[in-house]
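Now for the letters of each chain:
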Amino acid sequence: MLPDLTALLTAIQPADAAAMDRARARQAQLTKPAGALGDLEDLSVRLAGVLGSERPDPRGVAVIVAAGDHGVARVGVSAYPPEVTPAMVANFLADTPAGPGGAAVNALARAVGARVYVMDAGVNAELPEHPALVRAALRRGTHDLSVQAAMSVDEAQALILSGAALARRAIEDGADVLIPGEMGIGNTTPAAAITARLLGLDAARVTGRGTGVDDARLAHKVAVIRTALERTPATDPLEVLAEFGGFEIAAMLGVMLQAAASHRGVILDGFVEGSAALVGAALAPHLRDFLFPAGECAEIGHAAQLAHLGLKPMFHLNLRLGEGTGGVLAAPILLGAAATLREMRTFAEAGVPGA
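Residues numbered from 1 in each chain as written. Predicted model: local features only at pLDDT ≥ 70, side-chain atom pairs only at ≥ 80, totals over all residues. Heavy atoms only, no water.

Structural notes on the UniProt feature "active site" (unreviewed entry) in the protein chain
Then step 1. Per the UniProt annotation, the sites labelled "active site" (unreviewed entry) are Glu-323.
Then step 2. Within the fold, Glu-323 resides in the loop between α13 (302-309) and α14 (325-343).
Then step 3. Other than its neighbours up to four places away in sequence, Glu-323 contacts Val-63, Val-65, Met-88, Phe-92, Ala-103, Ala-104, Val-105, Gly-181, Glu-182 and Asp-269.
Then step 4. A distance of 3.1 Å separates the side chain of Glu-323 from the backbone nitrogen of Val-105, its partner in a polar contact. (UniProt positions renumbered as here; feature names shortened; annotations may be inferred. Helix = DSSP H or I, 4+ residues; strand = E, 2+ residues; numbered from the N terminus. Contact = heavy atoms within 4.5 Å. Polar contact = N/O pair within 3.5 Å; in protein donor to acceptor, adjacent residues only side chain to side chain.)

Structure follows, in C-alpha cells:
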C-alpha cells in the first residue's frame, strides 16, 4: 500500500463521542416533544460527532463528480453507448443561461447553493481544455473486467489519492459536507461486481437495470458479472477495487476517505457510490461514522449495501441517475438537521415549561 494511502487510512478515527453525548443532551432539552423531529434528531447528533460540536455549523456543500469509462461497457451491459460519458462531461462544464453546467447535478446544485467540481478520472476521449476540469486520468478507461483486472492496484491507489486531493481542495474552498458523484456509462456493472464480492452475494441479487436495460440485457449483464467473479477469487478490498472497479469509483473512495480524515461529512448518493463506500469501510471501518446516505436508489443492490454499512437512507425517490444528484437533494435535509440542533432554544432558554 502506498505510504500516502496508509497515512490517509490511519487518520480516519471515530466520530467525536463526547460531542455526540452533548448533542443528545441538548437535543433532549429543545423546545419540542422528544422525538418530534424524527430522523432529523439522529442526523443532527451524528453530524455533531463528525464536526466535533454539539452545535454543528457546516459551512458549505461541494459535489465532486468523477467521470471515467469502462472496458466492460463495450460488451453491451448498458442501454447507452460509451460515447455518452465524454458528452456528459462537456455538459457538466457547459455555459448555460442559468449558470455553469447543463446537467441535472448542476441544476440541483444551483438550487441548493452547492459547488460542483468535475474530474476526468479516466474518460475514453480527448476532452477539451476547460479551467474547471480537474485532470487525473492515468489512461482512457478501464479494461474489460470480465476478461482481466479493470486496473492495477497501483492505478487504483493513484486514483484514490487524486480523489483525496480534490476533496482537500473542496474543503479548503469552504466545504464541510462533501458529495461524491460519478459519470461513466456501464458503471453499475463494476459496482455490482464489487458489491457481490464484498458482501458474498450472487450477482443477480445486486445487479439492476442501470440506465434502464430490458430483461434480455439484464440477464446478459448478470452473466458478465458472474464471469468476472469466477475469473478471480480476490477478496482484499484494494484488490477487489482493482479487479472489478472503475477509475471514478476509486476517485470517489478517495473523496470519502479524505472527508472522514478531515472530520467532514459525506453524503452518499446511490449504488455506485455505495460500492466505493463498501471498499472504504473494509479499509477503514470508522469511515461509516462520516457517511450519510441520501436515498435508497432504484438499483436492487443498494439496500444490501446500506444494510451492510448499518446506514438508514433519508428518502425513497426511485432515483437512478447518478452524478451525485440524490446527494445534492439530501444536503438541505442534513443542513436543516444541524440547524435545529444549533439554533433551536432549549425549554430553559425559552422559558417554556418542559415535559
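A look at the nonpolar core
Then step 1. Grouped together as the largest cluster of nonpolar side chains are 111 residues, with contacts concentrated most on Leu-241 and Leu-257.
Then step 2. Broken down by element, this core gets its largest block of residues, 12 residues, from helix α11 (residues 247-261).
Then step 3. When near neighbours in sequence (up to four residues on either side) are disregarded, Leu-241 contacts Met-151, Ala-156, Ile-160, Ile-194, Ile-249, Ala-250, Leu-253 and Val-279.
Then step 4. Grouped together as the second largest cluster of nonpolar side chains are seven residues, Met-20, Leu-30, Ala-48 and Leu-341 included. (Core = buried A, V, L, I, M, F, W, Y, C linked by side-chain atoms within 4.5 Å. Buried < 20%, exposed > 50% of the residue type's maximum accessible area, 1.4 Å probe, protein only.)

Some thoughts on helix α2 (residues 17-29)
Then step 1. Relative to the 18 Å expected for 13 residues at 1.5 Å per residue, α2 spans 19 Å between its end C-alpha atoms, a close match to the ideal helical length.
Then step 2. Taken as a whole, α2 has its buried residues at Ala-19, Met-20, Ala-23, Arg-26 and Gln-27. Relative to the axis of α2, the buried residues are bounded by an arc of 125 degrees and lie together on one face.
Then step 3. Between the side-chain oxygen of the N-cap and the backbone nitrogen of Ala-18 there are 3.1 Å, and the N-cap of α2 in question is Asp-16. (Expected span 1.5 Å × (residues − 1). Arc of directions from axis to C-beta.)

Observations concerning unusual backbone geometry
Then step 1. Positive phi, close to 55 degrees, is recorded for His-263, a residue that is not glycine.
Then step 2. Of note, His-263 is situated in the loop between α11 and β7 (265-268).
Then step 3. Accessibility expressed as a relative area gives 28% for His-263, which makes it partly exposed.
Then step 4. Residues other than glycine seldom take positive phi values, yet Glu-323 does so here, at roughly 70 degrees.

Some thoughts on the packing of aromatic side chains
Then step 1. Summed over all chains, the structure comprises zero aromatic pairs.
Then step 2. Taking the ring centre of Phe-292 as reference, the NZ or CZ of Arg-46 above it sits at 4.3 Å. (Phe/Tyr/Trp six-rings, centres within 6.5 Å; stacked < 30°, edge-to-face > 60°. Lys NZ or Arg CZ within 6 Å of the ring centre and 35° of its normal.)

As for the side chain of Thr-340
Then step 1. Topologically, Thr-340 is positioned in helix α14.
Then step 2. Non-local contacts of Thr-340, meaning those with residues more than four positions away in its chain, are made with Leu-30 and Leu-37.

Digging into the pattern of salt bridges
Then step 1. Considering all chains together, one arrives at 17 salt bridges under this definition.
Then step 2. Arg-342 is the salt-bridge partner of Asp-57, the closest N and O atoms lying 3.6 Å from each other. Of this pair, Asp-57 sits in the loop between α3 (39-51) and β1 (61-68) while Arg-342 sits in helix α14, and the two are 285 residues apart along the sequence.
Then step 3. Here Arg-264 and Asp-176 are joined by a salt bridge, their closest N and O atoms 2.9 Å apart. In this pair, Arg-264 sits in the loop between α11 and β7 while Asp-176 sits in the loop between α6 (153-172) and β6 (177-183), placing the two residues 88 residues apart along the sequence. (Salt bridge = Lys/Arg side-chain N within 4 Å of Asp/Glu carboxyl O.)

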